[in-house]
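Commentary on secondary and tertiary structure
Letter by letter, the chains look like this.
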Amino acid sequence: MANILNHSQSAGPGPLRASDADRDRVARVLADALADGRLTQEEHSERLEAVYAAKTLGELAPLTLDLEAAPVTAAGDSTVQPHPSAEGVENIVAVFAHADRGGRWLVEPRTNTSTLFGSVSLELREAVLSQREVVIQCGLLFGSLELTVPPGVRVVNQVTPVFGDVSLKRADSAVPADAPTVRLTGTAIFSTVSVRTRARKEKKSKKSAWFC
């Protein structure tokens, strides 16, 4: 990271002020790089923090120099193209904001949730899993993730809290090992992850499978 930041004096437009849109574009590139395995969780968290501390485009440019994406120039520049997400991956980013998914939606094999002073809420009671086991990767910094699943869904916690907390107290623990599974991974730094089990809303006409 230190070597990358050393390029800031010579890369890009230097002193031009960065906009919120510029920072959000870089955050999306970093999220895609995490999903592709080109960044580790620690590298992603470190760079994401640097993104939202950056005041100029010169400070932003080094953060993506070693990734497969065009360097950031100015807001609205058509040459800035984030690396496309890998198939089967969804990225949800909340920076000083709240992001939520609910209702009828497809849960990809891997969902990356990234926060910086933000929160993410994932409501899975009416969702459809793309496969029997899906992964929700956490990259939380001063944020929170709330996950709601229907009865009969197994939640496996592999999140590493750093001055944070992961709570499955309100989740159903008496679920067989072969049940549809949501696996939580990643890191929660000064952040919280909470999981709860709630019954699906009743539907009069038809039942829907919870996974494809």
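Residues numbered from 1 in each chain as written. Predicted model: local features only at pLDDT ≥ 70, side-chain atom pairs only at ≥ 80, totals over all residues. Heavy atoms only, no water.

The protein has the name DUF1707 and DUF2154 domain-containing protein in an unreviewed UniProt entry, where Thermobifida halotolerans is given as its organism.

Overview of the side chain of Thr115
Cut-off, in case you're wondering: Numbering goes from the N terminus for both helices and strands, where a helix is a DSSP run of H or I of at least four residues and a strand is a run of E of at least two. In this analysis, two residues are considered to be in contact whenever any of their non-hydrogen atoms come within 4.5 Å of each other.
Topologically, Thr115 is positioned in strand E4 (residues 110-116). Residues within four places of Thr115 in sequence aside, it is in contact with Leu48, Ala94, Val120, Gly139, Leu140, Leu141, Gly143 and Ser144.

What about the sheet that holds strand E10 (residues 165-170)?
Rules: Should DSSP find at least two bridges between two strands, the strands are regarded as paired. Between N-to-C directions, angles span 0 to 180 degrees; the directions come from axes that are lines fitted to C-alpha atoms, helices contributing only their stretch in contact.
The parallel open sheet is built from five strands, whose spatial order is E2-E5-E8-E12-E10. Of all the strands in the sheet, the pair left with one neighbour each is strand E2 (98-101) and E10. The average undirected angle you get between the axes of adjacent strands in this sheet is 10°. In this sheet, strand E8 (residues 144-149) lies alongside strand E5 (residues 119-123) in parallel orientation, the contact comprising five bridges. Each bridged residue has a counterpart across the sheet, and for Val120 the counterpart in E8 is Leu145.

A few points about helix H2 (residues 20-36)
Note the threshold: By this rule, a helix spans an expected 1.5 Å times one less than how many residues it contains. When accessible area is computed with a 1.4 Å probe and restricted to protein chains, residues below 20% of their type maximum are described as buried, those above 50% as exposed, and intermediate ones as partly exposed.
Compared with the 24 Å implied by 1.5 Å per residue over 17 residues, the 25 Å span of H2 between its first and last C-alpha is a close match. Among the 17 residues that make up H2, twelve are buried, leaving the element largely enclosed by the rest of the structure. Listing the buried residues of H2 in full gives Asp22, Arg23, Arg25, Val26, Ala27, Val29, Leu30, Ala31, Asp32, Ala33, Leu34 and Ala35. Among the structural elements, helix H3 (41-51), helix H4 (57-60), strand E1 (89-95) and E4 are those in contact with the buried residues of H2. Looking at the residues trailing H2, positive phi occurs at Gly37, about 85°.

Observations concerning the sheet that holds strand E7 (residues 133-141)
The sheet built from five strands is open, its strands ordered E1-E4-E7-E11-E9 with parallel pairing. Looking at strand neighbours, the two that pair on one side only are E1 and strand E9 (154-162), the edges of this open sheet. Going across the sheet, the axis of each strand differs from the next one's by a mean of 10°, ignoring polarity. Relative to the sheet, H2 contacts E1 and E4, its axis offset from that of E1 by approximately 140°. Strand contacts of H3: E4, E7 and strand E11 (181-189), with the helix running at about 40° to E7, the strand carrying the most contacts.

Topic: the nonpolar core
To keep it simple, the criterion reads: Definition of nonpolar core: a set of buried residues of the types Ala, Val, Leu, Ile, Met, Phe, Trp, Tyr and Cys, connected through side-chain atoms within 4.5 Å.
Judged by nonpolar contacts, the single largest core of 27 residues is most densely connected at Leu122, Leu124, Leu145, Leu147, Val182 and Leu184. Those elements that place two or more of their residues in this core are E1, E5, E7, E8, E9, E11 and strand E12 (192-197). With four residues, the single largest contributor to this core is E7.

Quick word on the packing of H2 against H3
Going by this rule: Here the angle decides the label: under 35 degrees means roughly parallel, over 145 means roughly antiparallel, 65 to 115 means roughly perpendicular, and every other value means oblique. By the convention adopted, Pro, Cys, Tyr, Trp, Phe, Met, Ile, Leu, Val and Ala count as nonpolar, Lys, Arg, Asp and Glu as charged, and the other residues, Gly among them, as polar.
Orientation of H2 relative to H3, taken along the N-to-C sense of each, is 180°, at an axis distance of 10 Å. One finds that H2 runs roughly antiparallel with respect to H3. Between H2 and H3, the residues in contact are Arg23, Val26, Ala27, Leu30, Ala31 and Leu34 and Gln41, His44, Arg47, Leu48 and Val51, respectively. Among the residues making up the contact of H2 with H3, the classes are represented as seven nonpolar, two polar and two charged.

Re the pairing of E11
Taking burial as the measure, the nine residues of E11 include eight buried ones, the bulk of the element. Where E7 meets E11, nine bridges bridge the pair, whose relative direction is parallel. By the bridge assignment for E11, Leu140 is matched with Ala188. Direction of pairing for E9 relative to E11: parallel, over a ladder of nine bridges. Among the inter-strand pairings, Pro161 is bridged to a residue of E11, identified as Ala188.

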